Amino acid sequence: GMDIRIPAEYVPGENLRLRTYKRIAGVTSEIEKEEMLRELADRFGPPPQPVRNLLDYAVLKALCERIEVASVERRAEQVALRFHEQTTLPPERLVRVVRQRRDLRLDPGGAVWLDWQRGKQELISAVKSVLQQLQA
C-alpha cells in the first residue's frame with residue numbers, strides 16, 4: 001500500500017529512470033541506501049517520498065533474501081513473515097526473538113506475525129528491526 005516508484009518529474013527520461021531503478025535494486029544495506037540518497041539529491045534534488053520508499057523496499061528485500069524469508073504479507077494491522085522451507089535460520093533464534101518482543105507471535109505453520117497499528121512508514125522500520133534481530 002505504499003508508493004514505491006521514481007516519478008517521471010523527478011528523473012526525466014525513461015532510459016535514465018530505468019537505469020536508476022536498476023541501481024536502486026542493487027542497494028542491500030542502510031549504508032548503500034544513504035549513499036544512493038546523497039547521489040540522487042546531488043543529481044536530481046531532494047528525493048520525493050516514493051523514491052525514499054523504494055530505497056527502503058530495496059533494503060528490506062535484501063534482508064529478506066539474507067535470512068531466507070519467502071514472503072512478507074500485510075493483512076490489516078498485522079504482517080506475516082514466512083520463511084523458505086530450506087531456511088538455515090536456527091529455530092531457537094526465531095523463538096528467542098519472538099519471546100523478546102511483545103508485538104510478535106509465532107503460528108503453528110512457522111510464520112512470524114508482527115502486530116502493527118501505527119503508520120505505514122514506521123511499519124517498514126519495524127519489519128526491518130525484526131529481520132535484523134533474526135539475522136544477528
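The shown structure was predicted, so the numbers you read here are calculated from the model rather than taken from an experiment.

Novice: Before we go on, may I ask you to explain the packing of helix H1 (residues 14-25) against helix H2 (residues 30-44) in this structure?
Specialist: When two helices pack together, their arrangement is given by the angle between their axes and by how far apart the axes lie. Where H1 contacts H2, the two axes come as close as 12 Å, and the packing angle between them is 165°. With respect to their mutual orientation, H1 and H2 come out roughly antiparallel. Relative to H2, the crossing made by H1 is right-handed. From H1, Leu-16, Thr-20, Arg-23 and Ile-24 reach across to H2, where they touch Met-36, Glu-39, Leu-40, Arg-43 and Phe-44. Each residue belonging to the contact of H1 with H2 can be placed in one class, and the counts come to five nonpolar, one polar and three charged.

Novice: Help me out: how do you make sense of unusual backbone geometry in this one?
Specialist: Excluding glycine, residues mostly carry a negative phi; peptide bonds, for their part, are mostly trans. Even without a glycine there, the phi angle at Glu-68 is positive, about 60°. Inspection of the secondary structure assignment puts Glu-68 in the loop between helix H3 (49-66) and strand S1 (69-75).

Novice: Can you walk me through H1 in this structure?
Specialist: Turn by turn, an α-helix covers 3.6 residues, leaving residues three or four places apart pointing in a common direction. Between its terminal C-alpha atoms H1 stretches 16 Å, which fits the 16 Å expected from twelve residues at 1.5 Å a residue. For H1, every residue scored as buried is listed here: Leu-16, Arg-17, Thr-20 and Ile-24. Viewed end-on, H1 has its buried residues packed into an arc of 100°, placing them on one side of the element. Exposed residues pointing more than 90 degrees away from the buried face of H1 are listed as Glu-14, Asn-15, Arg-19, Lys-22 and Ala-25. If you follow the buried residues of H1, they end up packed against H2 and H3.

Scoring rules and cut-offs
- Residues numbered from 1 in each chain as written.
- Predicted model: local features only at pLDDT ≥ 70, side-chain atom pairs only at ≥ 80, totals over all residues.
- Heavy atoms only, no water.
- Axes fitted to C-alpha atoms, helices over the stretch in contact; angles between N-to-C directions.
- Helix = DSSP H or I, 4+ residues; strand = E, 2+ residues; numbered from the N terminus.
- Parallel < 35°, antiparallel > 145°, perpendicular 65-115°, else oblique.
- Left-handed = near helix turned anticlockwise from the far one by under 90°.
- Contact = heavy atoms within 4.5 Å.
- Nonpolar A, V, L, I, M, F, W, Y, C, P; charged D, E, K, R; others polar.
- Expected span 1.5 Å × (residues − 1).
- Buried < 20%, exposed > 50% of the residue type's maximum accessible area, 1.4 Å probe, protein only.
- Arc of directions from axis to C-beta.

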